[in-house]
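# Notes for the structure review
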Amino acid sequence: MHNFAGLTAIVLHRSEEPMRKVVEVCDRLGVRAVPKTGELTAEAVRGADMIILDIDTGHDEQFPWGVADAPVPLIGLVGSESPGRLAWAIGQQVDAYLPISALGNLFSALVIAHETFARKADRTRHEREIARQRAGRLDVIRAVLLLMPECRDEALALKQLRTMAMVEQITLEEAAARLLSERQVKRVDGQ
């Protein structure tokens, strides 16, 4: 089900020995590991499919994105298990954790990280869609009010708006926005 062969992982770690071990495990999984010791650039991240980072030395300024806004799955390497370091990683919304002493379980961490990242992306898309629909409710009300003089009452006006949406195969909110836009253009043109 999960195959990471051919993917690229940026490995962020300041210590040479853990970095070497992570690169070796990535090689066994067919993952191209790109070692980095400092801050990331947006350019470096563009070519990456995931980032494996040392949470003991990680900091917000290390990344070219905002807090908890990583563009790829994050796998946190846990060394000291310090509460402050773990809290930082949780705040960054690291997708999976792997103790440095358990690098042999990297495949499991990759699976968890990619699944978690995909679910976060789905949830974000869903929340944006709900926000868009909520914002469109006012347009629906405006469109119904606009149609009421032609339709005699709000029930018939709403029915006409629904019919427009079904015919165009768009949402009710999109139909309302389109109707309002068309009527606004007609008013501007003087028709």
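You'll find the structure just up there.
Treat the numbers as computed from the prediction; the structure is a model and nothing was measured.

As a further point, take the overall build of the chain. Broken down by element type, the chain carries six helices and five strands. Moving toward the C terminus, one meets the helices and strands of the chain in the order β-α-β-α-β-β-α-β-α-α-α. Scaling as 2.2 N^0.38, a compact globule of 191 residues should have a C-alpha radius of gyration of about 16 Å, whereas the chain reaches 25 Å, well beyond that. When the backbone C-alpha atoms are referred to their principal axes, the chain occupies close to 75 × 35 × 30 Å. Taken over 191 residues, the chain has a buried fraction of 36%.

Here the largest pocket is characterised by a volume of approximately 200 Å³. Lining the largest pocket, in full, are Ala68, Asp69, Ala70, Val72, Gln92, Gln93, Asp95, Phe117, Lys120, Ala121, Thr124 and Arg128. Here the lining of the largest pocket is composed, by residue class, of five nonpolar, three polar and four charged.

With that settled, the discussion passes to the pattern of salt bridges. Opposite charge on two side chains makes pairing possible when the charged atoms of those side chains draw close. Under the criterion given, the structure shown has nine salt bridges. In this structure, the salt-bridge partner of arginine 125 is aspartate 122, at a minimum N-O distance of 2.3 Å. One end of the pair is arginine 125 and the other is aspartate 122, both in helix α4 (residues 106–151) and three residues apart, which spans about a single turn. Overall, the relative accessible area of 42% leaves aspartate 122 in the partly exposed class. As a salt-bridge pair, glutamate 150 and arginine 183 come within 2.9 Å of each other at their nearest N and O atoms. With glutamate 150 in helix α4 and arginine 183 in helix α6 (residues 172–189), the pair connects residues that are 33 residues apart, well separated along the chain. Through salt bridges with shared partners, a single network forms among Glu17, Arg20 and Glu24.

Before going further, it helps to examine the nonpolar core. Membership of the largest hydrophobic core comes to 23 residues, with the highest contact counts inside it found for Ile52, Ile75 and Leu98. Elements supplying a minimum of two residues to this core: β1 (8–12), α1 (16–29), β3 (50–54), β4 (74–78), β5 (96–99) and α4. Beyond its immediate sequence surroundings of up to four residues, leucine 98 is in contact with Ile75, Gly76, Leu77, Val78, Leu103, Asn105, Leu106 and Ala109. Counting 17 residues, the second-largest nonpolar core is a separate cluster that includes Ala48, Trp65, Ala70 and Trp88.

Right, let's talk about unusual backbone geometry for a bit. The general pattern is negative phi for most residues beyond glycine and trans for most peptide bonds. The backbone of glutamate 81 sits at a positive phi, close to 60 degrees, despite the residue not being glycine. Take glutamate 81: its relative accessible area is 53%, and that puts it in the exposed class. The backbone of glutamine 93 shows a phi angle near 60 degrees, a positive value even though the residue is not glycine. In this structure, glutamine 93 sits in the loop between α3 (83–91) and β5. Judged by its relative accessible area of 36%, glutamine 93 is partly exposed.

Another point: a nonpolar patch on the surface. Among the surface-exposed residues, Leu138, Ile141 and Leu145 lie close enough to one another that they form a single nonpolar patch of about 290 Å² accessible area. Looking at the element boundaries, leucine 138 is found in helix α4.

A few words now on the environment of glutamate 17. Relative to the elements of secondary structure, glutamate 17 occurs in helix α1. In terms of polar contacts, glutamate 17 uses its side chain to reach the side chain of arginine 20, at 2.3 Å.

Before going further, it helps to spend a moment on the pairing of β3. With respect to burial, β3 is a largely interior element, five of its five residues being buried. Every second residue of β3 is oriented toward a common face, with Met50, Ile52 and Asp54 on one face and Ile51 and Leu53 on the other, all of them buried. Both β1 and β3 contribute to a ladder of four bridges, which runs parallel. Bridge pairing in β3 links valine 11 to isoleucine 52. Note: β3 against β4, four bridges, orientation parallel. The residue bridging isoleucine 52 from the neighbouring strand is isoleucine 75, located in β4.

Parameters at a glance
Residues numbered from 1 in each chain as written. Predicted model: local features only at pLDDT ≥ 70, side-chain atom pairs only at ≥ 80, totals over all residues. Heavy atoms only, no water. Helix = DSSP H or I, 4+ residues; strand = E, 2+ residues; numbered from the N terminus. Rg over C-alpha atoms; globule rule 2.2 N^0.38 Å. Buried < 20%, exposed > 50% of the residue type's maximum accessible area, 1.4 Å probe, protein only. 1 Å grid on protein atoms, 1.4 Å probe; cavity = no way out; pocket = protein on both sides within 12 Å on 5 of 7 lines; lining within 4 Å. Points joined across faces, edges and corners; volume = space filled by probe spheres on them. Nonpolar A, V, L, I, M, F, W, Y, C, P; charged D, E, K, R; others polar. Salt bridge = Lys/Arg side-chain N within 4 Å of Asp/Glu carboxyl O. Core = buried A, V, L, I, M, F, W, Y, C linked by side-chain atoms within 4.5 Å. Contact = heavy atoms within 4.5 Å. Patch = residues over 30% accessible without salt bridge, like charges linked within 9 Å, V, L, I, M, F, W, Y side chains within 5 Å. Areas by Shrake-Rupley, 256 points an atom, 1.4 Å probe, with all protein chains shown as cover. Polar contact = N/O pair within 3.5 Å; in protein donor to acceptor, adjacent residues only side chain to side chain. Pairing = 2+ DSSP bridges.

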